[in-house]
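# Coordinate analysis (summary)
In case you want the letters, here they are:
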Amino acid sequence: MPSKGGSPRNVTAGFDRSIGRGIGSDLRFPTPNPGPVWSRDGGSIYFLTGEVPTANVYKVDKETGDVTRITSGRSVDGFSLSRDESVLVYNAMKATHPCEIWVNDADGERKATGFNDRLLKRLSVVEPEHYTWVNELGGEIDGWIMKPVGYTDGEKYPTILEIHGGPLGIYGDGIYQEFQLLTSAGYCVIYTNPRGSGGYGEEYGATLNGRHGTVDYRDVMGFTRYAVERFDFIDGDRLGVTGGSYGGYLTNWIVTQTDIFKAAVACRSTCNRHSHHGYSDLGYKHGESGNMGYPWRDEDKLLAQSPIRYAENIETPTLLIHSENDQRCTIQQAGEFFVALKELGVDAELVRFPDESHELSRSGKPKHREERFRHILRWFEKYLK
């Protein structure tokens, strides 16, 4: 947009990705995202975004709209560019290594720090194995499996399905302490990017608008069935499911639709799309985006997408973990679902964390993050081991 005013011009209309969206992780140490950064001559703009499996720094030509990827091979969280553009410094991670500082200059691309190296040498870190599966539309979807530490051929292992938040979150080459913890406790971990995820373009992400609990549910269930069939070491009789935020919502939805999972852990979840509209700090924005509905005119549509409506179908023991100061997915949502589960006689617990926000699993107090892990392990140990 001209500095003296005028109409804005979209220079990334031909780049079908959500600008600024990174790869998911619960073990990141991000530098501040600088947002769009002008080149020295004003002819191009640098920016950061995720495209499965990594997030990278890109450059777009202001006049032509041509996009060039600057980094590769790892997931960038934030970057800084020298004034003459000769040095690019960025913070990046991989699925087996937390963030380190990298430098890209005339001498090439190199890792400048090793903050985590000494610790990682003492740990058994599992490398996720990437594969693709085909959903009901015939589209190839990314999936990952992590084998448990000490994996032995011929053994069958309890397996946890992890569901990301968003729903525009992105699974890719990002490290999850939670996944590593589960594999160290003897579980397989599987995860995928169902329809509604980011990192694949507008059509893939927008297909879920106003359809929560439909194509997303079919994708994660199709993925789970495929994983059980493909990997003979997955014990199909000992499956668990967990997720946070939107992943918590879909966990709640899943237990109302199927009993294939023997235990569920719903973190910072929602269960009522009708009341969520007024309670959440972003609920009002869902009218014309995620929910495509308003309580005063679309009650049936919103409740049709709400797990609470179908609670009487639940048989799966469910643990609800929630932060009392969560303004995104308010604790009222966990309370509604917990009361329904108890009234229906389902084995359920609600763990409330004081003085924590929606970011408990990523940037909460260390003692609370550890306690959260202990509850998750306890619940799955009780029903899957």
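For the structure itself, look to the data block above.
Quick summary incoming for the structure in this document.

One can describe the packing of helix α4 (residues 215-230) onto helix α5 (residues 246-257) by two numbers: an axis separation of 11 Å at closest approach and a directional angle of 75°. Considering the angle they form, α4 stands roughly perpendicular to α5. Along its contact with α4, which presents Asp216, Tyr217, Val220 and Met221, the element α5 presents Tyr246, Leu250, Trp253, Ile254 and Gln257. Broken down by class, the residue content of the contact of α4 with α5 amounts to seven nonpolar, one polar and one charged.

A separate point is the sheet that holds strand β7 (residues 97-105). Ordered in space as β5-β6-β7-β8, the four strands form an open sheet in which the pairing is antiparallel. The sheet terminates laterally at β5 (75-81) and β8 (108-111), the two strands that pair on one side only. Strand-to-strand twist of the sheet, defined as the mean angle between neighbouring strand axes without regard to direction, takes the value 25°. Note: β5 against strand β6 (residues 88-94), six bridges, orientation antiparallel. If you follow Phe79 over to β6, its bridge partner there is Tyr90.

All right, on to helix α10 (residues 366-384) then. One full turn of an α-helix is made of 3.6 residues, so residues set three or four places apart face in the same direction. In a regular helix each residue adds 1.5 Å, so 19 residues correspond to 27 Å; α10 covers 27 Å between its end C-alpha atoms and thus fits that length. For α10, the complete set of buried residues consists of His368, Arg369, Arg372, Phe373, His375, Ile376, Trp379, Phe380 and Leu384. The arc enclosing the buried residues of α10, seen along the axis, measures out at 155°, which places them on a common side. For α10, the exposed residues set more than 90 degrees away from the buried face come down to Pro366, Lys367, Arg374 and Lys382.

Taking burial as the measure, the eleven residues of strand β13 (residues 234-244) include eight buried ones, the bulk of the element. As defined by bridge partners, β13 adjoins strand β14 (residues 263-267) across five bridges and the pair is classed as parallel. Note on β14: the bridge partner recorded for Thr242 is Val265. Each parallel crossover has a hand, and for β13 linked through α5 to β14 it is right-handed.

Scanning the model with the defined rule gives 22 salt bridges in all. Arg74 is paired through a salt bridge with Glu109; the nearest N and O atoms lie 3.5 Å apart. In this pair, Arg74 is assigned in the loop between β4 (67-69) and β5 and Glu109 in strand β8, connecting sequence segments 35 residues apart. Look at Arg74 and you get buried, because its relative accessible area is 14%. Two residues, Arg110 and Asp105, come together in a salt bridge whose shortest N-O distance is 2.9 Å. Looking at Arg110, the relative accessible area reads 36%, which means it is partly exposed.

So, about the packing of helix α2 (residues 177-184) against α10. Where α2 meets α10, the axes come as close as 11 Å, and the angle between the chain directions of the two elements is 40°. Taken together, the axes of α2 and α10 lie oblique to each other. With respect to the hand of their crossing, α2 and α10 are arranged in right-handed fashion. Note on element contacts: α10 touches α2 through Arg369, Arg372, Phe373, Ile376, Leu377 and Phe380, opposite Gln177, Glu178, Leu181 and Leu182. Split into classes, the residues belonging to the contact of α2 with α10 amount to six nonpolar, one polar and three charged.

What follows concerns the sheet that holds strand β16 (residues 348-353). The strand order across the open sheet formed by eight strands is β9-β10-β12-β11-β13-β14-β15-β16, and the pairing between neighbours is mixed. This sheet does not close on itself; its edge strands, each paired only once, are β9 (129-134) and β16. Across the sheet, the axes of successive neighbouring strands diverge by a mean angle of 20°, strand direction being ignored. Pairing between β14 and strand β15 (residues 318-323): four bridges, direction parallel. Paired with Ala266 across the two strands is Leu320, which belongs to β15. Relative to the sheet, α4 contacts β9, β10 (140-146), β11 (157-163), β12 (188-192) and β13, its axis offset from that of β9 by approximately 115°.

Looking now at unusual backbone geometry. At the junction of Val52 and Pro53, the peptide bond is cis and its omega measures out at 10° in the coordinates. Mapped onto the fold, Pro53 is located in the loop between β2 (44-51) and β3 (54-61). At the junction of Gly166 and Pro167, the peptide bond is cis and its omega measures out at 10° in the coordinates. Mapped onto the secondary structure, Pro167 falls in the loop between β11 and α2. The phi angle at Arg268 is positive, at roughly 35°, despite the residue not being glycine. The phi torsion at Asp355 lies on the positive side, around 60°, for a residue other than glycine. Mapped onto the elements of the fold, Asp355 is located in the loop between β16 and α9 (360-363). The exposure class of Asp355 is exposed, given its relative accessible area of 56%.

About the cut-offs
Residues numbered from 1 in each chain as written. Predicted model: local features only at pLDDT ≥ 70, side-chain atom pairs only at ≥ 80, totals over all residues. Heavy atoms only, no water. Axes fitted to C-alpha atoms, helices over the stretch in contact; angles between N-to-C directions. Helix = DSSP H or I, 4+ residues; strand = E, 2+ residues; numbered from the N terminus. Parallel < 35°, antiparallel > 145°, perpendicular 65-115°, else oblique. Contact = heavy atoms within 4.5 Å. Nonpolar A, V, L, I, M, F, W, Y, C, P; charged D, E, K, R; others polar. Pairing = 2+ DSSP bridges. Expected span 1.5 Å × (residues − 1). Buried < 20%, exposed > 50% of the residue type's maximum accessible area, 1.4 Å probe, protein only. Arc of directions from axis to C-beta. Right-handed = clockwise from strand over helix to strand, strands pointing away. Salt bridge = Lys/Arg side-chain N within 4 Å of Asp/Glu carboxyl O. Left-handed = near helix turned anticlockwise from the far one by under 90°.

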